[in-house]
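Results of the structural survey
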Amino acid sequence: MKNKIVNIVIVISLIFAAFFAAKIPTMWTGFALSSAIMLGAILLQRRERKALFADSQSDALTLNDFFSSLLKVKEKLEEYSKAPTEYFTKQVEDDLEDILPEVDNYKMGIIENIGVEKYTEIITTYANGERLINRGVSAAIDQYSAAAKEYFNSALPIVNETIKIINKIK
Amino acid sequence: MNEAIKHNDEYFDYSPLSIAVGVVIGVLMTASFSYAALVLGFSTNGSPVAAVLGWGIMRFFFNRGTIIENNIIQTVASGINTSTAGVIFTVPVLLIRGAEFNFFWVLAACVAGAILGVGFIIPLRKQMIDVDRLRFPSGTAIASILKSPAEGMKKSKLLVAGAALSAAVYFITQFPVIGLPTILPASFDLNVLLGLPDYFNNIWAVSLLSVGIGFIAGRNGLFVLAGGILAYWLITPIMINQNWLPTEMNPSEAVHFIHANMTRPIGIGMLIGGSLMSIVLIIPAIKATVKSFSVKTLGSGSSDELPITLLYKVIAAAFALFFLAGYFTSDISFFTALVVSLVSTVWLLFAGIIVSQATGMTDWTPISGMSLIAVALLMMFLTSDQIVTAVLIGAGVSVAIAESADMMQDLKTGYLVGSIPKKQQKLQLIVAGLGPLISISVMLLIWNSGGTDPVTGAQLPGFGPGTNIEAPQAVALGATIDSIVEGNVPGDKFLAGGIIGALLSFTSIPGLGVIMGIAMYLSMKYILPYGLGSLIGFITIKRKGKRWSEKWGVPFAAGLILGEALLIIVFALLKVGGIV
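Remember, it's a predicted structure, so these values are computed and weren't measured experimentally.

Attention now moves to the domain arrangement of chain A. The domains assigned to chain A are domain 1 (2–54) and domain 2 (63–169). Just the C-alpha atoms count here: the centres of domain 1 of chain A and domain 2 of chain A sit 40 Å apart.

For the rest of this paragraph, the subject is helix H1 (residues 2–22) of chain A. Between its first and last C-alpha atoms H1 of chain A spans 30 Å; for 21 residues at 1.5 Å apiece the expected length is 30 Å, and the two agree. All buried positions along H1 of chain A are accounted for by Val 6, Ile 10, Ser 13, Leu 14, Ala 17, Ala 18, Phe 19, Phe 20, Ala 21 and Ala 22 of chain A. Looking at the buried residues of H1 of chain A, the elements they touch are helix H2 (28–54) of chain A together with helix H12 (219–241), helix H13 (251–281), helix H22 (491–505) and helix H23 (512–521) of chain B.

Under the counting rule described, the total for this entry stands at 29 aromatic pairs over all chains. Judged by centre distance (5.6 Å) and plane angle (90 degrees), the rings of Phe 171 of chain B and Phe 175 of chain B are edge-to-face. Residue class for Phe 171 of chain B comes out partly exposed when judged on its relative accessible area of 35%. For Phe 175 of chain B, a relative accessible area of 12% gives the class buried. Clustering of aromatic rings is evident, with ring pairs tying together Phe 104, Trp 105, Phe 323, Tyr 327, Phe 328 and Phe 334 of chain B. Sitting above the plane of the Trp 244 of chain B ring, Lys 23 of chain A keeps its charged end 4.7 Å from the centroid. Positioned above the aromatic ring of Phe 506 of chain B, the side-chain terminus of Arg 46 of chain A is 4.3 Å from the ring centre.

The next point concerns the interface of chain B and chain A. Counting residues at the interface gives 69 residues for chain B, matched by 62 residues for chain A. Taken together, both faces of the contact between chain B and chain A bury some 6,000 Å²; the carbon and sulfur share is 63%. If you sort the residues of chain B by the area they bury against chain A, Tyr 11, Arg 133 and Arg 547 of chain B come out on top, with a joint share of 12%. At the boundary of chain B with chain A, the tally comes to seven salt bridges. Salt-bridge contacts for Glu 93 of chain A lead to Lys 147 of chain B; the nearest nitrogen and oxygen are separated by 3.6 Å. Summed over the shared surface of chain B and chain A, the result is 26 residue pairs in polar contact (both at pLDDT 80 or more). With eight residues, H22 of chain B is the largest single contributor of residues to the side of chain B that touches chain A. Here the side of chain B that touches chain A is composed, by residue class, of 37 nonpolar, 13 polar and 19 charged.

Another point: a nonpolar patch on the surface. Residue and element names in this part refer to chain B. On the surface, Leu 324, Tyr 327, Phe 328, Phe 334, Phe 335 and Leu 338 cluster together to form a nonpolar patch covering roughly 600 Å² of accessible area. For the nonpolar patch, the secondary-structure elements that each account for two or more residues are helix H15 (308–329) and helix H16 (334–362). Relative to the helices and strands, Phe 335 is located in helix H16. Judged by its relative accessible area of 59%, Phe 335 is exposed.

Here Ile 24 of chain A and Pro 25 of chain A are connected by a cis peptide whose omega angle stands at -5 degrees. For Asn 243 of chain B, which is not glycine, the phi torsion reads 55 degrees and is therefore positive. Tracing the sequence through the fold places Asn 243 of chain B in the loop between H12 and H13. The exposure class of Asn 243 of chain B is exposed, given its relative accessible area of 52%.

With that out of the way, let us pick up the pattern of salt bridges. This structure, assessed with the given rule, holds 20 salt bridges over all chains. With a shortest N-O distance of 2.7 Å, Glu 130 of chain A and Arg 133 of chain B are connected by a salt bridge. Of this pair, Glu 130 of chain A sits in helix H6 (residues 116–141) while Arg 133 of chain B sits in the loop between helix H7 (122–131) and helix H8 (137–151), on two different chains. Each member of the pair, Glu 130 of chain A as well as Arg 133 of chain B, carries the same accessibility label: buried. Members of the salt-bridge network, linked through shared partners, are Arg 49, Lys 50 and Glu 112 of chain A.

Thresholds applied
- Residues numbered from 1 in each chain as written.
- Chains lettered and ligands numbered in written order.
- Predicted model: local features only at pLDDT ≥ 70, side-chain atom pairs only at ≥ 80, totals over all residues.
- Heavy atoms only, no water.
- Domains from an automatic or database assignment.
- Helix = DSSP H or I, 4+ residues; strand = E, 2+ residues; numbered from the N terminus.
- Expected span 1.5 Å × (residues − 1).
- Buried < 20%, exposed > 50% of the residue type's maximum accessible area, 1.4 Å probe, protein only.
- Contact = heavy atoms within 4.5 Å.
- Phe/Tyr/Trp six-rings, centres within 6.5 Å; stacked < 30°, edge-to-face > 60°.
- Lys NZ or Arg CZ within 6 Å of the ring centre and 35° of its normal.
- Buried area = accessible area lost by both parts, 1.4 Å probe.
- Salt bridge = Lys/Arg side-chain N within 4 Å of Asp/Glu carboxyl O.
- Polar contact = N/O pair within 3.5 Å; in protein donor to acceptor, adjacent residues only side chain to side chain.
- Nonpolar A, V, L, I, M, F, W, Y, C, P; charged D, E, K, R; others polar.
- Patch = residues over 30% accessible without salt bridge, like charges linked within 9 Å, V, L, I, M, F, W, Y side chains within 5 Å.
- Areas by Shrake-Rupley, 256 points an atom, 1.4 Å probe, with all protein chains shown as cover.

Structure (structure tokens):
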């Protein structure tokens, strides 16, 4: 409820700020007042968001959730390392569909949990692995099965490295 | 051998053949788009069409072509084609105004702009794609187009169905162009049905391409729609109703006046302020990203990124080139040339970030707004006799911005299909200079087709006011330059917009200032179908889930983008051939 009120205040102050800004000549007093109200509401909104991600009972996705999904990716890649080359056809795309984490969904939670610098350290490492997985999927779709297996194998140490970084941070 | 395994060869990113195919497609598209941009005043993203053409050519003529190889074809083709708008929307103004200038420096500025645009985004790829996870809707759509043919019949059918539908709709809207009666107009005013006043801007472009892009843009597209509503359905009607306009004007003039003098400058300010705030908020992330450049990948012992040191060389080259171009094209002092080149280089770097963010979040590239700021900044140090320098550097900046946006889209596609970024960037660096060369050649050819005056022997204009080819964007830029020279720069609107943009980007929605800024800047005609697409996307995700939307919705949306883009090119070619 509190969040909704804050959001409504932001929207209303934005409309007023934009309106005062658009007028010729610009109405600076009205603009400054509505911008100040908007800033106050935004600061409240940021505080609320921090509290939301800190609350372990909330539904917000956090670093721990990301960590759990990485363990599943690791498990799948380990399974792939033992699979015969013939296995790597376009079906791997469906295989991985529910396992690969949508980083975008975890991003804000991780940043609120550990800060943007550490998020970047984790995600730049993981992204190298994710791109290799994507390449493996493309190769599998194109029926370059041996190459696909090789790319999945190369992605595994990078995913392990990401898990190690998260463990260190946690 | 198991039937599933067809290839045990190495999975190449590119071959001489794929590069050649990309170059041929890129050259053809650039030539036709350059002409169309002079006539119609717009250019379009050629990547979806290049992706499909590349796949078709490789598959049917050479019986080969993988997903990542086709990605290189579209990267090369769009890398050549993308500079069209930057050249055609700026350089013709020099010819139309009868300015004296050396073509070598124009070409040099544009070629350099193209290379700089690719170079400047070296550190941004990791930041915006790996870390910020920006959507880049066209890049996402092209990844879907590249994968669909091999992924199976269901997805291919969806892609083809989307393409057929949007191509059919676009074709029907073009009936008057081919001499048939209008059945479906290219745009319609919903106010006619709703009985709302004229100043309530409710014109919809009939563009399934915009709907498709909006669908893929997702939640950000809804914020674009919100920005459009703020500019066109709140500010505009209130301004008109309260009679708060400087002079008496009719509703349609008032709508145009408010957009040109109030909401659009605020939008440009919001783009700048919003982007600045985003940068401030992610400074620690940028540091960590730069540090990560040394990470080795692919088990090859080398990084998949171009070295960050190349960026420093690119900055030095940009500064040197802008200095030379400025110093040799107008009668300006050494010191002024130094200041102008410094301002241009810094602005180019900053504009590259703004444009990459805007494109990544919404798919819209605010080239003309960023070029306008470039010219306005330069005119602070130049006089009205030195406009050639401002336009020339403005052209370089425009080309660079367009190239940056395209490279980022291509790199997003590359990320999704697993291409190696370094290889994509290297190739685009090599071919990017071809685009300006072709565009300028086409422009000169058309200019010279005007012939000479039989009495005076003077060169007659081949395009511009009073000819069949109006070059509307260049004419508009000319008017803007005149306005800037007269001192009509809406600095207060830029400043207020900057503050609003910064505040919005400080909210819990990353980059909101940039997203809403682009909405204030754009025409409502395209925001509406784009917003509709986002709304459909939003409802689809709510009802069916994100995975379902990605798996089935994105291929169909990609088809919508592809079909219309294909037909736009067909009509451009028909125009070039004089058939329509």
